[in-house]
Amino acid sequence: MRRLPVLLVSALGWAGFNLVTVWTMAFLADVVVPRTVDGPQRLGTPAAVVTDVGLLLLFGVQHTVMARHGFKARLRPWMPAPFERAVYVLATDVVLLLLLLCWQPFGGEVWRVDGAFAVVLWVLYAVGWAWSIGATFAVDHLELVGLRQAGWLAGTTTARAGGLQTGGLHALMRHPLMTGLLVTVWATPHMGGSHLLYAVGVSGYIAFGLRFEERDLRRAFGPAYDEYAGRVGAVLPRLTTRGG
């Protein structure tokens, strides 16, 4: 019974993870959901830009700060270890839902293409999402969303859990999830002003966040990660190794 709250929180976080993923697909494609990235304008442009930048910053701060070891160490006296990842995932779900519900489009057109090129971009958009989702399984998906730490499928093990991943998608780039997400925010046949702000914000966060992620990985895996980074690019395949 003492494990029940952990199981419930982790299950809620996983359900939220899936909801946010599907919602974001529709949000960026400007279909179905109440508010989309380039939907009808509701506020004046200055107020909309301030709102959207604030939402992006809120996500960036939450996602970066809660992932750091120092933050986790401060929480540990009050939060059992199995709760850590589940709470992180659930908090990220809440912040992203807030962004999706409160986003303020503000018009403007950066580019618009039709015909065959538009089809190519939609296919690329779908490939980006497929790549991103596949990347969560290239590591341990259950661990990534906090289910394994909470005790779901207790007794099962995976070679991917906890170790340095260098095979599969990770043989092509060190951060395949980020690669897929970058494709999803830029591959569109219609880029409006608010979509551009979203794409720049997400890309900037990825560039910033990867600096911390790389630092943590080098601390965790030492020379093994240095060797891996020397031959595999961060978000793009590297045609030659360093010094090659």
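Residues numbered from 1 in each chain as written. Predicted model: local features only at pLDDT ≥ 70, side-chain atom pairs only at ≥ 80, totals over all residues. Heavy atoms only, no water.

## Examining the overall build of the chain
Okay, step 1: Helix and strand counts for the chain come out as 10 helices and two strands.
Okay, step 2: When its helices and strands are written in sequence order, the chain yields α-α-α-α-β-α-α-α-α-β-α-α.
Okay, step 3: A globule of 244 residues ought to have a C-alpha radius of gyration of about 18 Å, and the chain, at 19 Å, matches this closely.
Okay, step 4: By principal-axis analysis of the C-alpha atoms, the chain measures approximately 55 × 50 × 30 Å.
Okay, step 5: Across the chain, the fraction of contacts at a sequence separation of at least 24, relative to all contacts at a separation of at least 6, is 78%. (Helix = DSSP H or I, 4+ residues; strand = E, 2+ residues; numbered from the N terminus. Rg over C-alpha atoms; globule rule 2.2 N^0.38 Å. Contact = heavy atoms within 4.5 Å.)

## As for the pattern of salt bridges
Okay, step 1: Enumeration over the complete set of coordinates arrives at six salt bridges.
Okay, step 2: The partner of glutamate 227 in a salt bridge is arginine 231, and the shortest N-O contact between them spans 2.8 Å. You can see glutamate 227 and its partner arginine 231 sitting in helix α10 (residues 223-231), four residues apart, about one turn around the helix.
Okay, step 3: Salt bridges sharing partners connect three or more residues here, namely Arg174, Glu214, Arg218 and Asp226. (Salt bridge = Lys/Arg side-chain N within 4 Å of Asp/Glu carboxyl O.)

## Overview of the environment of leucine 58
Okay, step 1: Checked against the element boundaries, leucine 58 lands in helix α2 (residues 45-65).
Okay, step 2: With a relative accessible area of 39%, leucine 58 lands in the partly exposed category.
Okay, step 3: C-alpha of leucine 58 to C-alpha of leucine 99: the two residues are 41 residues apart in sequence and 8.9 Å apart in space.
Okay, step 4: Once residues within four sequence positions are removed from consideration, leucine 58 is found in contact with Val95 and Leu98. (Buried < 20%, exposed > 50% of the residue type's maximum accessible area, 1.4 Å probe, protein only.)

## Side note on the nonpolar core
Okay, step 1: Judged by nonpolar contacts, the single largest core of 26 residues is most densely connected at Phe27, Leu28, Leu99, Trp103 and Tyr198.
Okay, step 2: Contributions of two or more residues to this core are made by α1 (4-29), α2, α4 (81-102), α5 (115-138), α8 (176-186) and α9 (193-221).
Okay, step 3: Within the second largest apolar cluster, five residues are counted, among which are Leu217, Tyr225, Tyr228 and Ala229. (Core = buried A, V, L, I, M, F, W, Y, C linked by side-chain atoms within 4.5 Å.)

## Observations regarding unusual backbone geometry
Okay, step 1: Of note in the backbone geometry, aspartate 30 takes a positive phi value of approximately 60 degrees without being a glycine.
Okay, step 2: Turning to its location among the elements, aspartate 30 is positioned in the loop between α1 and α2.
Okay, step 3: The backbone phi angle of valine 32 is positive, close to 70 degrees, even though this residue is not glycine.
Okay, step 4: Of note, valine 32 is situated in the loop between α1 and α2.

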